[in-house]
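Descriptive analysis of the structure
The chain contents come next:
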Amino acid sequence: MLGVVVGAAMAEEGERKAALETVQADGTDGNCVTFVLHDEDHTLGNSLRYMVMKNPDVEFCGYCITHPSESKINFRIQTRGGLPAVEPFRKGLNDLMGVCQHVLNTFEQHSREDKPKPVSPVTGRQAELSHCLPWLRPAGCLVCTQK
Amino acid sequence: MAAKRGTDEMRDRVVLGEFGVHNVHTTDFPGNYPGYEDAWDRRRFEEAFRVDIIREEEGALEFDMVGIDAAIANAFRRILLAEVPTMAVEKVFVYNNTSIVQDEILAHRLGLIPIRADPRLFEYRNQGDEEGTEIDTLQFQLKIKCSRNPQAAKESSDPNELYFNHKVYSKHMTWVPLGNQTDLFPDADFRPVHDDILIALLRPGQEIDVLMHCVKGIGKDHAKFSPVATASYRLLPDITLLQPIEDEAAEMLQKCFSPGVIEIQNIKGKKVARVANARLDTFSREVFRHEGLKNLVRLARVRNHYICLCSQSWQPRCSDICLSLQRARVSSETATIPLLSASVKYFPAHCM
């Protein structure tokens, strides 16, 4: 049978169950690790998977919910180039924190500003915006070329 | 040039075909597209990201998030539904219930009534604590008795004339301060969000006398704690006319979309169709039912532009969103802390 090395990091000492465990097959050197996160679901799993996949050092990243009755996810990371898998995991979590913080700041900033003028239902200020911003302008769009 | 446009479309747009949807999944990960910088760059994200609050009313908040991915937008939606705390009735002490509504049904209905109370003023109740203290419990009383109206006309059959208090509404719930809550919350106005929720119907001689304890909870535990009626998002629609469409075809095109989406302009005597406001469209795909039109229009959605809608609940919705974003941060922090403070212990391998 595959020998498995299991590590656990406790959220608190003593009675609280571990929030995070790692499972790693014998013979590998930390490149490919499965993190078992307790009390988590798609909310953290999918968003963290996206952030870790954005890391160019990561060869494989995926998560699964082992059984719908248990709130536990298996989160697997495989890196290329000998980097220990814990590094992209840590970076992904920090990046996710950064994203949430930035979205929170932007939101708070907007809610403090004056209320925006209502959008006209026919001409629609929003529509013009989305057509004119360069990264959103669709190819061959007649609206923009017909100025 | 055409290849780059095609790649851009694959990256930025979800295309709605006649029988299927294309480019559904996010593919802009490093290594997938040569020549594109896809690795996570915080500065690039912060420059491109923006939030526009479109509509903020008592019962609804509509806002746009541009420049974010589905995984994270969905995480916010899930947190709004299930992990933002509110106060709701948990325990109902029934002193007298001679109405036709059974005790447990009445208690269930009372639990679902949204309560106007800021959950940040209260603590979670400890496990196994039956009594409840003033820092974690809000107490309401519902005491109402139905009686006959002696002044009613003899032939009348309208219950509104014949009886007093025959309809029990949520406005009959009154706050009963516990302990030092009158001092803690001198200006507080704790009551149900809506006054006109019908709880039960009574007839003369029937009475309801209950005491309710509200506690703080989250939607994951029970849906009554969910602060939003629903939180949803949709991607911004993007309609492109691939060729100029004129005259009758233009009119038919205008009918294929929701009102306000297609505008007909008069250019040199000819009627020409133009996309005025794609945002209003609900994408019924009616245009695909017309042979002459279906190849002239491209229906797509902008992959990173989310039109989010949160409805119901009394709390200023912005604070809900902020709470949910903080929760998302906290959850990734809680996962990071064990890792960072790690002494990750490796136990000797043992076979399964």
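Since the model is a prediction, treat every value here as computed from it, not as a measurement. (Residues numbered from 1 in each chain as written. Chains lettered and ligands numbered in written order. Predicted model: local features only at pLDDT ≥ 70, side-chain atom pairs only at ≥ 80, totals over all residues. Heavy atoms only, no water.)

1. Looking at the overall build of chain B
- When helices and strands are tallied, chain B shows 8 helices and 19 strands.
- Total accessible area on chain B is roughly 18100 Å²; 52% of this is exposed by carbon and sulfur atoms. (Helix = DSSP H or I, 4+ residues; strand = E, 2+ residues; numbered from the N terminus. Areas by Shrake-Rupley, 256 points an atom, 1.4 Å probe, with all protein chains shown as cover.)

2. Quick notes on the pairing of strand S7 (residues 138–145) of chain B
Residues and elements named next belong to chain B.
- With 8 bridges joining them, S7 and strand S14 (residues 207–217) adopt antiparallel strand pairing. For Gln141, the partnering residue across the bridge sits in S14 and is Leu211.
- Bridge count for S7 against strand S11 (residues 173–175) is 3 bridges, and the pairing is antiparallel. Bridge pairing in S11 places Leu142 opposite Met173. (Pairing = 2+ DSSP bridges.)

3. Re the nonpolar core
- Counting 32 residues, the largest nonpolar core has Val103(A), Phe63(B), Met65(B), Ile68(B) and Ile72(B) as the members making the most contacts within it.
- Put simply, the parts of the chain that give this core at least two residues each are helix H1 (42–53) and helix H2 (86–112) of chain A together with strand S3 (50–56), strand S4 (60–66), helix H3 (70–82), strand S15 (230–241) and strand S18 (297–311) of chain B.
- Counting residues per element, this core draws most heavily on H3(B), at 6 residues.
- Of all hydrophobic cores here, the second largest spans 28 residues; its members include Met87(B), Leu106(B), Leu142(B) and Ile144(B). (Core = buried A, V, L, I, M, F, W, Y, C linked by side-chain atoms within 4.5 Å. Buried < 20%, exposed > 50% of the residue type's maximum accessible area, 1.4 Å probe, protein only.)

4. Section: helix H7 (residues 247–256) of chain B
Residue and element names in this part refer to chain B.
- Those residues of H7 that sit buried are Ala250, Leu253 and Cys256. Buried residues of H7 fall within an arc of 115° about the axis and therefore sit on the same side. Across H7 from its buried face, at more than 90 degrees, point the exposed residues Glu248 and Lys255.
- Among the structural elements, S15, strand S16 (262–267), strand S17 (270–275) and S18 are those in contact with the buried residues of H7. (Arc of directions from axis to C-beta. Contact = heavy atoms within 4.5 Å.)

5. Concerning the UniProt feature "domain: DNA-directed RNA polymerase RBP11-like dimerisation" (unreviewed entry) in chain A
- What UniProt calls "domain: DNA-directed RNA polymerase RBP11-like dimerisation" (unreviewed entry) maps, in this numbering, to residues 32–105 of chain A.
- In the segment residues 32–105 of chain A, helix accounts for 43% and strand for 31%; the C-alpha atoms at its two ends are 35 Å apart. (UniProt positions renumbered as here; feature names shortened; annotations may be inferred.)

6. Some details on the pattern of salt bridges
- In the structure shown here, the tally under the stated rule is 28 salt bridges over all chains.
- Between Lys91(A) and Asp95(A) there is a salt bridge, and its shortest N-O distance comes to 3.1 Å. In this pair, Lys91(A) and Asp95(A) are both assigned in helix H2, 4 residues apart and thus about one turn of the helix distant.
- Taking the relative accessible area as the measure of exposure, Lys91(A) reaches 38% and is therefore partly exposed.
- Ionic pairing is found between Arg42(B) and Glu46(B), a salt bridge with its closest N-O pair at 2.8 Å. One end of the pair, Arg42(B), and the other, Glu46(B), are both in helix H2 (residues 42–48), 4 residues apart, so they sit about a helical turn from each other.
- Taking relative accessible area as the criterion, Arg42(B) reaches 45% and is therefore assigned partly exposed. (Salt bridge = Lys/Arg side-chain N within 4 Å of Asp/Glu carboxyl O.)

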